[in-house]
Amino acid sequence: MKINHILSAVIGLTTTVSATGPRPEVVSHLDGLKDIPSFGLGTWLSAKDKVADAVKYALKHGYNHIDAALIYGNEKQVGKGIAAAKVHRKDIWVTSKLWNADHRREKVHSAIRETIADLGVEYLDLYLMHWPVAFVPGKGTRLVRRTGILTTWRAMEDAVRQNLTRHIGISNFARADVEELLREAEIRLYAHEFETHPYLQQQEFVDYHRRAGIKVIAYSPLANTNPTYDGHKPVGPILEDLFWENLAKEKGCSVPQAVLAWGLQRGTVVIPKSVHATYIKENLGALDVDFSEGEMAQIGATDKKTRFNDPGKEWGLELFADLDDPTRLWDDELNEL
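Parameters at a glance
- Residues numbered from 1 in each chain as written.
- Predicted model: local features only at pLDDT ≥ 70, side-chain atom pairs only at ≥ 80, totals over all residues.
- Heavy atoms only, no water.
- Phe/Tyr/Trp six-rings, centres within 6.5 Å; stacked < 30°, edge-to-face > 60°.
- Helix = DSSP H or I, 4+ residues; strand = E, 2+ residues; numbered from the N terminus.
- Buried < 20%, exposed > 50% of the residue type's maximum accessible area, 1.4 Å probe, protein only.
- Lys NZ or Arg CZ within 6 Å of the ring centre and 35° of its normal.
- Expected span 1.5 Å × (residues − 1).
- Arc of directions from axis to C-beta.
- Contact = heavy atoms within 4.5 Å.
- Axes fitted to C-alpha atoms, helices over the stretch in contact; angles between N-to-C directions.
- Parallel < 35°, antiparallel > 145°, perpendicular 65-115°, else oblique.
- Salt bridge = Lys/Arg side-chain N within 4 Å of Asp/Glu carboxyl O.

Chemist: Outline the packing of aromatic side chains, supporting the account with residue identities and numerical values.
Modeler: Aromatic ring pairs are reported here in terms of the distance separating the ring centres and the angle at which the planes meet. Evaluated as defined, the whole model comprises 12 aromatic pairs. Ring centres 5.5 Å apart and planes at 25° place the aromatic pair Tyr-229 and Phe-308 in the stacked group. Of this pair, Tyr-229 sits in the loop between strand 7 (215-219) and helix 8 (242-251) while Phe-308 sits in the loop between helix 11 (293-300) and helix 12 (312-315), placing them 79 residues apart in sequence. You'll find Tyr-229 and Phe-308 in the same group, each marked buried. Here the aromatic cluster, defined as three or more aromatic residues joined through ring pairs, consists of Trp-99, Trp-131, Phe-135, Trp-315 and Phe-320. The lysine or arginine in question, Arg-89, covers the ring of Tyr-123, its NZ or CZ lying 4.3 Å from the ring centre. Here the guanidinium or amino end of Arg-307 rests over the ring plane of Phe-320, the centre of that ring lying 3.7 Å away.

Take a look at the structure:
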(Lines give C-alpha, C1' and ligand atoms only; values in the text may rest on other atoms or scores of the structure.)
Protein backbone atom coordinates (compact mmCIF):
# COMPACT_ATOMS: atom_id res chain seq x y z
CA MET A 1 0.00 0.00 0.00
CA LYS A 2 1.21 3.50 -0.72
CA ILE A 3 2.43 5.81 2.03
CA ASN A 4 -0.18 8.45 1.18
CA HIS A 5 -2.91 5.89 1.84
CA ILE A 6 -1.46 4.90 5.19
CA LEU A 7 -0.63 8.22 6.75
CA SER A 8 -3.54 10.41 7.63
CA ALA A 9 -1.38 13.52 7.27
CA VAL A 10 2.10 14.43 6.25
CA ILE A 11 4.77 16.73 7.53
CA GLY A 12 4.43 20.41 6.76
CA LEU A 13 7.16 22.92 6.19
CA THR A 14 8.20 25.91 4.18
CA THR A 15 11.21 26.55 2.05
CA THR A 16 12.30 29.18 -0.41
CA VAL A 17 9.76 27.74 -2.85
CA SER A 18 6.21 27.10 -1.68
CA ALA A 19 2.81 26.59 -3.24
CA THR A 20 1.43 29.13 -0.81
CA GLY A 21 4.35 31.54 -0.90
CA PRO A 22 7.17 32.03 1.62
CA ARG A 23 6.34 31.96 5.30
CA PRO A 24 8.18 33.59 8.21
CA GLU A 25 11.25 31.56 9.11
CA VAL A 26 12.25 30.88 12.70
CA VAL A 27 15.95 31.62 12.97
CA SER A 28 17.98 29.77 15.59
CA HIS A 29 20.23 31.91 17.76
CA LEU A 30 22.55 29.01 18.61
CA ASP A 31 26.19 29.31 17.58
CA GLY A 32 27.36 27.13 14.74
CA LEU A 33 28.59 26.82 11.20
CA LYS A 34 26.60 28.88 8.73
CA ASP A 35 26.00 26.00 6.31
CA ILE A 36 26.27 22.25 6.44
CA PRO A 37 29.81 21.14 5.43
CA SER A 38 29.88 19.36 2.09
CA PHE A 39 31.90 16.45 3.47
CA GLY A 40 31.06 14.46 6.58
CA LEU A 41 31.59 11.15 8.35
CA GLY A 42 28.70 8.71 8.28
CA THR A 43 28.20 6.39 11.28
CA TRP A 44 25.51 3.95 10.09
CA LEU A 45 26.61 0.37 10.95
CA SER A 46 29.84 1.64 12.51
CA ALA A 47 30.79 -0.83 15.25
CA LYS A 48 30.40 0.46 18.80
CA ASP A 49 33.94 -0.54 19.70
CA LYS A 50 35.43 1.36 16.75
CA VAL A 51 33.26 4.39 16.04
CA ALA A 52 34.57 6.58 18.89
CA ASP A 53 38.13 6.35 17.59
CA ALA A 54 36.89 6.91 14.03
CA VAL A 55 35.02 10.10 15.00
CA LYS A 56 37.97 11.38 17.03
CA TYR A 57 40.37 10.72 14.16
CA ALA A 58 38.08 12.35 11.60
CA LEU A 59 37.59 15.51 13.65
CA LYS A 60 41.33 15.79 14.21
CA HIS A 61 42.16 15.30 10.52
CA GLY A 62 40.01 17.76 8.59
CA TYR A 63 36.40 16.69 9.15
CA ASN A 64 33.90 19.01 10.84
CA HIS A 65 30.65 17.16 10.13
CA ILE A 66 29.30 14.01 11.82
CA ASP A 67 26.11 12.25 10.69
CA ALA A 68 24.40 10.13 13.35
CA ALA A 69 21.02 8.62 14.25
CA LEU A 70 19.39 7.18 17.33
CA ILE A 71 18.49 3.93 15.54
CA TYR A 72 22.16 3.32 14.70
CA GLY A 73 22.59 2.37 18.34
CA ASN A 74 26.02 3.96 18.67
CA GLU A 75 25.37 7.61 19.56
CA LYS A 76 26.96 7.30 23.01
CA GLN A 77 30.16 6.06 21.36
CA VAL A 78 29.97 8.80 18.71
CA GLY A 79 29.66 11.27 21.57
CA LYS A 80 32.79 9.87 23.20
CA GLY A 81 34.65 10.45 19.95
CA ILE A 82 33.43 14.03 19.74
CA ALA A 83 34.51 14.68 23.33
CA ALA A 84 37.91 13.06 22.79
CA ALA A 85 38.57 15.28 19.76
CA LYS A 86 38.35 18.35 22.03
CA VAL A 87 36.81 20.57 19.35
CA HIS A 88 34.67 23.65 20.00
CA ARG A 89 30.97 22.86 19.62
CA LYS A 90 30.41 25.82 17.32
CA ASP A 91 33.10 24.57 14.93
CA ILE A 92 31.46 21.24 14.05
CA TRP A 93 28.18 20.18 12.47
CA VAL A 94 26.22 17.36 14.11
CA THR A 95 23.20 15.75 12.46
CA SER A 96 20.92 13.13 13.98
CA LYS A 97 17.57 11.57 13.15
CA LEU A 98 14.20 10.82 14.70
CA TRP A 99 13.27 7.14 14.52
CA ASN A 100 9.90 5.87 13.29
CA ALA A 101 8.70 4.77 16.74
CA ASP A 102 9.18 8.27 18.17
CA HIS A 103 6.75 10.26 16.03
CA ARG A 104 4.29 11.18 18.76
CA ARG A 105 4.76 14.73 20.04
CA GLU A 106 5.93 13.70 23.51
CA LYS A 107 8.24 11.05 22.02
CA VAL A 108 9.86 13.60 19.69
CA HIS A 109 10.89 15.74 22.64
CA SER A 110 12.26 12.83 24.66
CA ALA A 111 14.04 11.33 21.63
CA ILE A 112 15.92 14.48 20.67
CA ARG A 113 16.91 15.10 24.29
CA GLU A 114 18.19 11.52 24.54
CA THR A 115 20.22 11.99 21.36
CA ILE A 116 21.70 15.28 22.58
CA ALA A 117 22.67 13.66 25.90
CA ASP A 118 24.17 10.59 24.24
CA LEU A 119 26.19 12.67 21.80
CA GLY A 120 27.36 14.93 24.60
CA VAL A 121 26.44 18.12 22.76
CA GLU A 122 24.27 20.99 23.93
CA TYR A 123 22.20 21.00 20.76
CA LEU A 124 22.08 19.59 17.22
CA ASP A 125 22.75 21.45 14.00
CA LEU A 126 20.25 19.36 12.07
CA TYR A 127 17.50 16.94 13.14
CA LEU A 128 15.90 14.81 10.44
CA MET A 129 12.76 12.73 10.32
CA HIS A 130 14.41 9.43 9.38
CA TRP A 131 11.51 8.05 7.29
CA PRO A 132 8.02 9.29 6.37
CA VAL A 133 6.69 6.34 8.36
CA ALA A 134 5.34 6.13 11.91
CA PHE A 135 5.51 2.94 14.00
CA VAL A 136 3.43 2.13 17.06
CA PRO A 137 5.85 2.50 20.00
CA GLY A 138 6.91 -0.89 21.36
CA LYS A 139 5.23 -2.80 18.52
CA GLY A 140 8.10 -3.30 16.11
CA THR A 141 7.20 -2.17 12.59
CA ARG A 142 3.46 -2.04 13.19
CA LEU A 143 2.24 1.10 11.43
CA VAL A 144 0.39 3.98 13.05
CA ARG A 145 -2.94 4.41 11.29
CA ARG A 146 -4.33 7.58 12.83
CA THR A 147 -1.53 9.77 14.15
CA GLY A 148 -0.54 12.17 11.38
CA ILE A 149 3.03 12.97 10.47
CA LEU A 150 2.20 16.68 10.54
CA THR A 151 1.95 16.38 14.31
CA THR A 152 5.50 15.03 14.32
CA TRP A 153 6.75 17.91 12.22
CA ARG A 154 5.10 20.44 14.53
CA ALA A 155 6.97 18.85 17.43
CA MET A 156 10.22 19.11 15.47
CA GLU A 157 9.48 22.78 14.84
CA ASP A 158 9.09 23.19 18.59
CA ALA A 159 12.55 21.64 19.00
CA VAL A 160 13.97 24.53 16.96
CA ARG A 161 12.11 27.08 19.06
CA GLN A 162 13.41 25.40 22.22
CA ASN A 163 17.01 25.62 20.95
CA LEU A 164 17.41 21.84 20.81
CA THR A 165 18.37 21.97 17.13
CA ARG A 166 19.32 24.73 14.71
CA HIS A 167 17.63 23.18 11.67
CA ILE A 168 15.18 20.40 10.83
CA GLY A 169 14.69 18.26 7.75
CA ILE A 170 13.72 14.89 6.37
CA SER A 171 15.18 11.67 5.02
CA ASN A 172 14.00 9.03 2.53
CA PHE A 173 10.96 10.92 1.22
CA ALA A 174 9.42 10.64 -2.22
CA ARG A 175 8.85 13.82 -4.21
CA ALA A 176 5.10 13.81 -3.63
CA ASP A 177 5.72 13.66 0.11
CA VAL A 178 8.14 16.60 -0.08
CA GLU A 179 5.63 18.65 -2.04
CA GLU A 180 3.01 17.98 0.63
CA LEU A 181 5.45 19.32 3.19
CA LEU A 182 6.11 22.54 1.35
CA ARG A 183 2.53 23.64 1.89
CA GLU A 184 2.18 23.44 5.63
CA ALA A 185 5.35 24.08 7.58
CA GLU A 186 6.09 27.08 9.71
CA ILE A 187 9.84 26.42 9.75
CA ARG A 188 11.79 25.94 6.54
CA LEU A 189 12.94 22.47 5.53
CA TYR A 190 16.73 22.74 5.55
CA ALA A 191 17.88 19.42 4.12
CA HIS A 192 16.80 16.07 2.72
CA GLU A 193 19.06 13.05 3.22
CA PHE A 194 18.52 10.21 0.77
CA GLU A 195 20.36 7.50 -1.12
CA THR A 196 22.11 8.81 -4.20
CA HIS A 197 25.32 7.72 -5.90
CA PRO A 198 26.52 6.90 -9.45
CA TYR A 199 24.31 3.79 -9.57
CA LEU A 200 21.23 5.74 -8.34
CA GLN A 201 21.83 9.29 -9.53
CA GLN A 202 18.27 10.66 -9.33
CA GLN A 203 19.52 13.82 -11.02
CA GLU A 204 16.05 15.26 -11.60
CA PHE A 205 15.24 14.79 -7.89
CA VAL A 206 18.54 16.41 -6.88
CA ASP A 207 17.83 19.35 -9.21
CA TYR A 208 14.33 19.69 -7.76
CA HIS A 209 15.80 20.21 -4.29
CA ARG A 210 18.30 22.73 -5.58
CA ARG A 211 15.49 24.80 -7.11
CA ALA A 212 13.58 24.61 -3.82
CA GLY A 213 16.60 25.69 -1.77
CA ILE A 214 16.83 22.36 0.06
CA LYS A 215 20.25 20.85 0.77
CA VAL A 216 20.73 17.27 -0.44
CA ILE A 217 22.72 14.92 1.78
CA ALA A 218 23.80 11.81 -0.12
CA TYR A 219 23.98 8.72 2.03
CA SER A 220 25.72 5.61 0.73
CA PRO A 221 27.64 7.93 -1.63
CA LEU A 222 29.97 5.03 -2.50
CA ALA A 223 27.02 2.93 -3.71
CA ASN A 224 27.27 -0.76 -2.84
CA THR A 225 30.58 -0.69 -0.96
CA ASN A 226 28.67 -1.21 2.31
CA PRO A 227 28.70 -4.95 3.15
CA THR A 228 25.05 -4.78 4.21
CA TYR A 229 24.16 -4.36 0.52
CA ASP A 230 25.92 -7.56 -0.60
CA GLY A 231 23.67 -9.60 -2.85
CA HIS A 232 20.74 -7.17 -2.70
CA LYS A 233 20.83 -6.37 -6.40
CA PRO A 234 22.56 -7.98 -9.42
CA VAL A 235 25.07 -5.14 -9.70
CA GLY A 236 28.82 -5.56 -9.35
CA PRO A 237 30.82 -3.60 -6.74
CA ILE A 238 31.47 -0.02 -7.82
CA LEU A 239 35.06 -0.33 -6.61
CA GLU A 240 35.58 -2.96 -9.32
CA ASP A 241 33.70 -1.07 -12.03
CA LEU A 242 36.02 -0.72 -15.05
CA PHE A 243 34.57 2.70 -15.93
CA TRP A 244 35.44 4.08 -12.51
CA GLU A 245 38.80 2.32 -12.40
CA ASN A 246 39.80 3.99 -15.67
CA LEU A 247 38.43 7.39 -14.68
CA ALA A 248 40.23 7.29 -11.34
CA LYS A 249 43.46 6.33 -13.09
CA GLU A 250 43.12 9.32 -15.42
CA LYS A 251 42.60 11.60 -12.41
CA GLY A 252 45.44 10.10 -10.42
CA CYS A 253 43.20 9.18 -7.52
CA SER A 254 41.48 6.16 -5.99
CA VAL A 255 38.02 4.98 -7.09
CA PRO A 256 36.40 6.11 -3.81
CA GLN A 257 37.95 9.55 -4.20
CA ALA A 258 36.65 9.81 -7.76
CA VAL A 259 33.13 8.69 -6.81
CA LEU A 260 32.95 11.08 -3.86
CA ALA A 261 34.33 13.93 -5.99
CA TRP A 262 31.48 13.40 -8.44
CA GLY A 263 28.98 13.63 -5.56
CA LEU A 264 30.54 16.88 -4.40
CA GLN A 265 30.73 18.40 -7.86
CA ARG A 266 27.01 17.80 -8.48
CA GLY A 267 26.27 19.83 -5.36
CA THR A 268 25.37 17.11 -2.86
CA VAL A 269 26.75 16.71 0.65
CA VAL A 270 28.54 13.35 0.95
CA ILE A 271 28.86 11.37 4.18
CA PRO A 272 30.97 8.25 3.52
CA LYS A 273 31.13 5.83 6.43
CA SER A 274 34.36 4.27 7.65
CA VAL A 275 35.99 3.28 10.92
CA HIS A 276 39.43 2.87 9.36
CA ALA A 277 41.83 5.81 9.69
CA THR A 278 43.39 5.07 6.30
CA TYR A 279 40.07 5.31 4.47
CA ILE A 280 38.81 8.26 6.51
CA LYS A 281 41.89 10.21 5.47
CA GLU A 282 41.88 8.90 1.89
CA ASN A 283 38.25 9.88 1.31
CA LEU A 284 39.05 13.52 2.01
CA GLY A 285 41.24 13.48 -1.11
CA ALA A 286 38.02 13.76 -3.09
CA LEU A 287 38.13 17.47 -2.37
CA ASP A 288 41.09 17.78 -4.74
CA VAL A 289 39.50 15.99 -7.71
CA ASP A 290 37.65 17.86 -10.47
CA PHE A 291 35.76 16.65 -13.52
CA SER A 292 35.16 18.39 -16.83
CA GLU A 293 31.67 18.97 -18.13
CA GLY A 294 32.23 16.12 -20.60
CA GLU A 295 33.33 13.75 -17.86
CA MET A 296 30.28 14.63 -15.78
CA ALA A 297 28.11 13.80 -18.78
CA GLN A 298 29.88 10.45 -19.20
CA ILE A 299 29.24 9.62 -15.55
CA GLY A 300 25.60 10.59 -15.97
CA ALA A 301 25.26 8.04 -18.75
CA THR A 302 26.32 5.20 -16.43
CA ASP A 303 23.32 5.53 -14.09
CA LYS A 304 21.96 2.05 -13.26
CA LYS A 305 18.91 3.42 -11.42
CA THR A 306 19.51 0.83 -8.71
CA ARG A 307 18.51 1.37 -5.08
CA PHE A 308 20.22 -0.63 -2.35
CA ASN A 309 18.44 0.57 0.81
CA ASP A 310 14.73 -0.17 0.68
CA PRO A 311 12.94 -1.54 3.77
CA GLY A 312 9.58 -1.14 2.04
CA LYS A 313 8.86 -4.86 1.69
CA GLU A 314 9.70 -5.49 5.32
CA TRP A 315 7.37 -2.71 6.39
CA GLY A 316 4.65 -3.48 3.83
CA LEU A 317 4.91 -0.03 2.22
CA GLU A 318 5.54 1.21 -1.30
CA LEU A 319 8.36 3.65 -0.60
CA PHE A 320 9.91 6.00 -3.19
CA ALA A 321 6.76 5.65 -5.35
CA ASP A 322 7.64 8.46 -7.80
CA LEU A 323 11.41 7.89 -7.86
CA ASP A 324 13.81 5.50 -9.56
CA ASP A 325 13.68 1.88 -8.34
CA PRO A 326 10.70 2.17 -5.97
CA THR A 327 9.52 -0.58 -3.63
CA ARG A 328 7.80 -3.38 -5.52
CA LEU A 329 5.70 -5.25 -3.00
CA TRP A 330 4.36 -7.81 -5.46
CA ASP A 331 7.52 -8.81 -7.35
CA ASP A 332 7.89 -12.15 -5.61
CA GLU A 333 4.28 -13.09 -6.29
CA LEU A 334 4.56 -12.10 -9.95
CA ASN A 335 7.71 -14.19 -10.37
CA GLU A 336 5.84 -17.24 -9.12
CA LEU A 337 3.06 -16.89 -11.72
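Chemist: Which residues make up helix 4 (residues 105-119), and what are the values?
Modeler: Relative to the 21 Å expected for 15 residues at 1.5 Å per residue, helix 4 spans 22 Å between its end C-alpha atoms, a close match to the ideal helical length. All of the buried residues along helix 4 are Val-108, Ala-111, Ile-112, Thr-115, Ile-116 and Leu-119. Projected onto a plane normal to the axis of helix 4, the buried residues spread over an arc of 130° and lie on a single side. Relative to its buried face, helix 4 has exposed residues pointing more than 90 degrees away, namely Glu-106 and Ala-117. Turning to helix 4, the residues buried within the fold contact helix 3 (75-85), strand 3 (93-98), strand 4 (124-129), helix 5 (149-161) and strand 5 (165-171). The positive-phi residue at the C-terminal boundary of helix 4 is Gly-120, with phi of around 70°.

Chemist: Would you mind going over the packing of helix 3 against helix 4 in detail, with residue names and values included?
Modeler: Two numbers describe how helix 3 lies on helix 4: the axes approach to 7 Å, and their chain directions differ by 45°. Between helix 3 and helix 4, the interaxial angle falls into the category oblique. Residues Glu-75, Lys-76, Val-78, Gly-79 and Ile-82 of helix 3 pack against Thr-115, Asp-118 and Leu-119 of helix 4.

Chemist: Report on the pattern of salt bridges, specifying residues and quantitative values.
Modeler: Under the criterion given, the structure shown has 17 salt bridges. In this structure, Lys-305 engages Asp-303 in a salt bridge whose closest nitrogen and oxygen atoms are separated by 3.6 Å. The exposure class of Lys-305 is partly exposed, given its relative accessible area of 45%. Across the pair Asp-325 and Arg-328 runs a salt bridge whose closest N-O atoms are separated by 2.8 Å. Arg-328 sits in the partly exposed class, given a relative accessible area of 39%. Through salt bridges with shared partners, one network takes in Arg-105, Asp-158, Arg-161 and Glu-186.

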